[in-house]
Amino acid sequence: MQRLILASSSPRRKELLENLHLQFEISSSNVDESFAPELTPAEAVMQLASRKASFIAEKERDAFVIGSDTVVVFNGEILGKPQDAEEALSMLKKLSGNTHSVFTGVSIIAPEREIQFYEKTDVVFWELSQEEMDAYIKSGEPFDKAGGYGIQGFGSFLVREIKGDYFAVVGLPVSRTVRELRNAGFVLPY
């Protein structure tokens, strides 16, 4: 029996995998999420995803382990998770009326190999009023999300359009992940 482990405590990634009717375990990997500033966003998310998956795979050598990481990039600046309301407001002001990119990296560590990939999705925000930004910050939703918003929740009203994989913006490009799991030798139920 093959084991699949999600190396993440993200409720969003958990829900996305559950939607695929896959049996899996969750094992959170508390690793250092810093990266060298000279890395491109794609390199950074793949490095972080690999670091998360490797942390778990070292202890669970017989399992297939999925690690993932997401960053938001605007004008070359990587926007992390806001630390407070002031930083969340600053991020929302930057994104308001503009297009930004979301990079999600995935690492699948199988017993015999590692597969890494990333997806890039462009997201266009509406021009936001101060009242809209204040209401969103008061909801508390921005504080555990890269770029200070979640497309799948209350923050959906901020988004005018996306170009790319919606699920990558949520935190895991599920369609590509399924295909890469199969490439890694994981037997899917479909």
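Residues numbered from 1 in each chain as written. Predicted model: local features only at pLDDT ≥ 70, side-chain atom pairs only at ≥ 80, totals over all residues. Heavy atoms only, no water.

Participant: Looking at this model, I keep getting lost on the overall build of the protein. Mind explaining?
Facilitator: When its secondary structure is counted, the protein shows six helices and seven strands. Its helices and strands in sequence order give the protein the pattern β-α-β-α-β-β-α-β-β-α-β-α-α, from N to C terminus. Here the protein holds 190 residues, and 51% of them are scored as buried. Taking all contacts inside the protein whose residues are at least 6 apart in sequence as the whole, residues at least 24 apart take part in 66%. Summed over all atoms, the accessible surface of the protein reaches about 9300 Å², with 48% contributed by carbon and sulfur. Here the protein carries 20 positive and 28 negative side-chain charges, and the mean point of each set is 3 Å from the other. (Helix = DSSP H or I, 4+ residues; strand = E, 2+ residues; numbered from the N terminus. Buried < 20%, exposed > 50% of the residue type's maximum accessible area, 1.4 Å probe, protein only. Contact = heavy atoms within 4.5 Å. Areas by Shrake-Rupley, 256 points an atom, 1.4 Å probe, with all protein chains shown as cover. Lys, Arg positive; Asp, Glu negative; His and termini not counted. Charge placed at Lys NZ, Arg CZ, Asp CG, Glu CD.)

Participant: Help me understand unusual backbone geometry, please; the structure alone is not making it clear to me.
Facilitator: With the exception of glycine, the majority of residues adopt a negative phi angle, and the majority of peptide bonds are in the trans configuration. One non-glycine residue, His21, lies in the positive phi region at around 60°. Residue placement: His21 occurs in the loop between α1 (11-19) and β2 (25-26). The class for His21 is exposed, based on a relative accessible area of 64%.

Participant: Whenever I open this one, α1 confuses me. Can you help?
Facilitator: One turn of an α-helix holds 3.6 residues; hence residues three or four places apart share an orientation. Looking at α1, one finds that the buried residues are Arg12, Arg13, Leu16 and Leu17. Considered in projection along α1, the buried side chains sweep an arc of 130° and stay on one side of the axis. Taken together, the buried residues of α1 touch β1 (4-6), β3 (64-74), α5 (166-170) and α6 (174-183). His21 sits one or two residues past α1 and shows a positive phi near 60°. (Arc of directions from axis to C-beta.)

Participant: Sorry, what's going on with the pairing of strand β5 (residues 99-109) here?
Facilitator: The two faces of a sheet get side chains in turn, since along a regular strand they alternate between them. For β5, the tally of buried residues reaches ten of eleven residues, placing the bulk of the element in the interior. Pairing of β3 with β5 involves nine bridges; the strand directions are antiparallel. Paired with Val72 across the strands is Val102, a residue of β5. As judged from the eleven bridges shared by β5 and strand β6 (residues 114-125), these two strands associate in the antiparallel manner. What sits directly across from Phe103, in β6, is Lys120. Linkage of β5 to β6, two consecutive antiparallel strands, is achieved through a turn of four residues. (Pairing = 2+ DSSP bridges.)

Participant: How do you make sense of the pattern of salt bridges when you look at a structure like this?
Facilitator: Pairs may arise between side chains of opposite charge once their charged atoms sit close together. Following the criterion strictly, the structure yields 14 salt bridges and no others. In this structure, Arg3 engages Glu60 in a salt bridge whose closest nitrogen and oxygen atoms are separated by 2.9 Å. Taken together, the residues span a long stretch of sequence, with Arg3 in the segment before β1 and Glu60 in the loop between α2 (41-57) and β3 at a distance of 57 residues. Its relative accessible area of 23% is what places Arg3 among the partly exposed residues. Using a relative accessible area of 27% as the deciding quantity, one classes Glu60 as partly exposed. When the shortest N-O distance is used, the salt bridge between Arg160 and Glu161 registers 3.9 Å. Exposure remark for Glu161: the relative accessible area of 31% places this residue in the partly exposed category. (Salt bridge = Lys/Arg side-chain N within 4 Å of Asp/Glu carboxyl O.)

Participant: Would you explain the environment of Glu114 in this entry?
Facilitator: Looking at the secondary structure, you find Glu114 in strand β6. Taking the C-alpha atoms as reference points, Glu114 and Ser54, separated by 60 residues in sequence, lie 9.3 Å from one another. In terms of polar contacts, Glu114 uses its side chain to reach the side chain of Ser107, at 2.5 Å. Within the local environment of Glu114, its side chain forms a polar contact with the side chain of Gln116, the two groups lying 3.1 Å apart. (Polar contact = N/O pair within 3.5 Å; in protein donor to acceptor, adjacent residues only side chain to side chain.)

Participant: Got a minute to help me understand helix α3 (residues 85-95) in this structure?
Facilitator: Listed as buried for α3 are Ala88, Leu89, Met91, Leu92 and Leu95. Along α3, the residues classed as buried sweep out an arc of 160° about the axis, all on the same side. On its buried face, α3 is in contact with β3, β4 (77-79), β5, β6 and α4 (130-138). Taking the backbone nitrogen of Glu86 as reference, a side-chain oxygen 3.3 Å away marks Asp84 as the first, capping residue of α3. One or two steps after α3, the chain reaches Gly97, where phi turns positive at roughly 75°.

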